[in-house]
Amino acid sequence: MDMKLELVMVPVTDVDRAKEFYVRAGFHADHDQTVSDEIRFVQLTPPGSGCSIAIGKGLTEMEPGSLDNLQMVVADADASHADLVGRGIEVSPVEELAWGRFVRFADPDGNRWALQQLPDWAGQGG
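Residues numbered from 1 in each chain as written. Predicted model: local features only at pLDDT ≥ 70, side-chain atom pairs only at ≥ 80, totals over all residues. Heavy atoms only, no water.

(A) Molecular detail of the overall build of the protein chain. When helices and strands are counted, the protein chain shows two helices and eight strands. Overall, the protein chain shows an N-to-C arrangement of helices and strands of β-α-β-β-β-β-α-β-β-β. With the C-alpha coordinates aligned to their principal axes, the bounding extent of the protein chain is approximately 55 × 40 × 25 Å. Going through the 126 residues of the protein chain one by one, you find that 34% of them count as buried. Accessible surface for the protein chain amounts to roughly 7600 Å². Of this, 52% is attributable to carbon and sulfur atoms. The centroid of the 10 positive side-chain charges in the protein chain is displaced by 2 Å from the centroid of its 21 negative side-chain charges. (Helix = DSSP H or I, 4+ residues; strand = E, 2+ residues; numbered from the N terminus. Buried < 20%, exposed > 50% of the residue type's maximum accessible area, 1.4 Å probe, protein only. Areas by Shrake-Rupley, 256 points an atom, 1.4 Å probe, with all protein chains shown as cover. Lys, Arg positive; Asp, Glu negative; His and termini not counted. Charge placed at Lys NZ, Arg CZ, Asp CG, Glu CD.)

The following block contains the structure:
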């Protein structure tokens, strides 16, 4: 039985501010639907991803900023770093670890993200 993660709720305080941030960071705005005064659903997808995020109003009971270390894999940490900086996103320096190269950033509410360039395991038995 296959199970595919397709949507992750990201708790935010200001939906418009968060949407602008994620679009500026390169996410595609898929949907923005106000269902009622209590419910607004905004779906955004990172480029090349099969999984989207949802921000909005009335979608989750998580506290804004409570997601820590959502992780996406990228082909090139340096290129990802340069791209985000060019889009006006504050990012960490590229961090070199045994299990990959990482670039980190946070949305306006403090939900934290990591972009990981996987190590080249070829010839290492990994």
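(B) Layout of the pattern of salt bridges. Counted according to the given criterion, the structure contains ten salt bridges. For the salt bridge of Arg40 with Asp16, the shortest nitrogen-to-oxygen distance reads 2.9 Å. Here Arg40 is found in strand β3 (residues 40-45), whereas its partner Asp16 is found in helix α1 (residues 15-24), with 24 residues between them in sequence. Residue class for Arg40 comes out buried when judged on its relative accessible area of 15%. Here Asp32 and Lys19 are joined by a salt bridge, their closest N and O atoms 2.9 Å apart. With Asp32 in strand β2 (residues 28-34) and Lys19 in helix α1, the pair connects residues that are 13 residues apart, well separated along the chain. By sharing partners, the salt bridges in this structure join Asp16, Lys19, Asp32 and Arg40 into a single network. (Salt bridge = Lys/Arg side-chain N within 4 Å of Asp/Glu carboxyl O.)

(C) Expanded view of the sheet that holds β2. Taken in spatial order, the four strands line up as β1-β4-β3-β2 in an open sheet, and their pairing is mixed. The open sheet has two edge strands with one neighbour each: β1 (7-9) and β2. Direction aside, the axes of adjacent strands within the sheet are offset by 20° on average. Against the sheet, α1 contacts β2, β3 and β4 (52-57), and its axis sits at roughly 10° relative to β3. (Pairing = 2+ DSSP bridges. Axes fitted to C-alpha atoms, helices over the stretch in contact; angles between N-to-C directions. Contact = heavy atoms within 4.5 Å.)

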